[in-house]
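Take a look at the letters that make up each chain.
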Amino acid sequence: MGALALIEVLERDGHVRQSFAVQHWPVRVGRSLDSDVILSDPHVAAAHLSIGPNDQGLALTVGDSRNGVLLGHKRLRAGERAELATGSGAIDLVAGRTRLRLHPAAHTLAPELPLAPTASLRRRLAPLAIAASLLMAGLVFKAFLDTDPEGLARAAGGMLLAAFVGAAVWCGAWALLSKTFTRQAHFGWHVRVFLVASLALLAASSVPELLAFALSWPWLTDFAFVADIAVAATALYFHLLAVEPLRQRALKWVAATCAVVGVVLTLWFNVQRTDLFGEELYMNHLFPPALRLATPVAADAFVDGLAPLKAALDRKAKEPGRGDDGARGDEE
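**Digging into the pattern of salt bridges**
Pairs may arise between side chains of opposite charge once their charged atoms sit close together.
Then step 1. Overall, the coordinates contain five salt bridges when judged by the stated rule.
Then step 2. Its salt-bridge partner being Glu11, residue Arg17 comes within 3.6 Å of it at the nearest N-O pair.
Then step 3. With a relative accessible area of 45%, Arg17 lands in the partly exposed category.
Then step 4. Across the pair Asp92 and Arg101 runs a salt bridge, and its minimum N-O distance is 2.6 Å.

**Some remarks on the pairing of strand 6 (residues 58-62)**
Then step 1. Of all five residues in strand 6, four are buried; the element is thus mostly enclosed.
Then step 2. Bridging between strand 5 (residues 49-53) and strand 6 involves five bridges; their strand directions are antiparallel. Opposite Gly52, over in strand 6, you have Ala59 as the bridge partner.
Then step 3. Once strand 5 ends, the chain turns through four residues before running back antiparallel as strand 6, passing Gly57 with a positive phi of about 145°.

**As for the packing of helix 2 (residues 152-182) against helix 3 (residues 187-215)**
Describing two packed helices takes the angle between their axes plus the distance from one axis to the other.
Then step 1. At their nearest, the axes of helix 2 and helix 3 sit 9 Å apart, and the two run at 135° to each other. By the angle between their axes, helix 2 is oblique relative to helix 3. Considering only the axes of helix 2 and helix 3, their crossing is right-handed. Between helix 2, through Ala163, Ala167, Trp170, Cys171, Gly172, Trp174, Ala175 and Ser178, and helix 3, the contact on the second element is made entirely by Phe187, His190, Val191 and Phe194.

Parameters and conventions
Residues numbered from 1 in each chain as written. Predicted model: local features only at pLDDT ≥ 70, side-chain atom pairs only at ≥ 80, totals over all residues. Heavy atoms only, no water. Salt bridge = Lys/Arg side-chain N within 4 Å of Asp/Glu carboxyl O. Buried < 20%, exposed > 50% of the residue type's maximum accessible area, 1.4 Å probe, protein only. Helix = DSSP H or I, 4+ residues; strand = E, 2+ residues; numbered from the N terminus. Pairing = 2+ DSSP bridges. Axes fitted to C-alpha atoms, helices over the stretch in contact; angles between N-to-C directions. Parallel < 35°, antiparallel > 145°, perpendicular 65-115°, else oblique. Left-handed = near helix turned anticlockwise from the far one by under 90°. Contact = heavy atoms within 4.5 Å.

The following block contains the structure:
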C-alpha cells in the first residue's frame, strides 16, 4: 500500500528538513518516543497533536499542549478540534516553533522544475544590465543638471563610483544576512531590488519637480518625500523577503510600520525646521521653458499678487529667531 499522506518538517526558509510518510490514521505528532512524527522542539508537547479521518475528510485535534497549534492565522488551544481542507492542496501548520506541511494523498504534486541552462542565465542577466544602464544614465543626467560643465566629468565619475561601491556593500550585506538565515545568498535578488528601488527613487525625486515646474503646482514637491519613503519601505520588504520567505504577513507589517514612522518623523522635523509640514520648494536648476504647460502670468499681475504677503513677512521679521532668547541669556 502507498502512503496515505506526507508530513514535512520545514526550515525557516521553506526548505524541507525531514519527511514522514503517513502509513495509518490517526497520526500522532509530538516529542514522545511513541509518536509517529517525533519533533525535537522543546516548545512541543509530548503528545502535541493528532490528525485522523472524519466524515468530511481529515481533522486535527490538539493534545495537552500549552502552546497549541497555529493553523493558518488561527491558533488552536489544547483539546480543540478543526477540520482540514484537504481539497485545497498542502496544509501548513505550526507546532511550537516547528513548521509542518501536510500533503494528503490526493494532493497534486507541482511539476518538475527544469535545471537552469546557460541561456536562461543570460536571460536573467539581461534585465539587470538594462536596469543598471538606466540607473547610470539617470545618475549622469542628474550630475549634468546639478554641476557646472567644467566639473561634470569628475562629478559624474564620483557619483557612479559611489553608487557602485554603495550597491556592492548594500547588496553584499543583505546577501550575507540571507546566507546566515536561509543558507542561500540570493545576491541576484538583492541586486534586482536595489536597482529597481534606485530607479524608482530617481523617478520619485524628479517627476514632482518636473510637474511642479510645468504646471505651476509647487505643492507637488511639498510632500514628495512620502513617495521616497514608500519606495524605501517597499525595497526593505523585498530585501527581508529573501531572509524570511515564510513570514510575508509579518514583513508587510514591518515595512508599513517603517513607512509610517518615516513619514511622521519627516513631518516633525519639517515643523521643527520651518514651521511647515511640507518641504520648501528648492530647485537648483530650471527645466527647459518648452516644458511649461501653465498659462503665463503677466509681470504686473504677479507683482500685485505678492502684495498680500507683505503683512505676513513684516510680522515674521519682527518675531525673534530660534535661539535668540538663549543667546541673550548667555550674553547677560
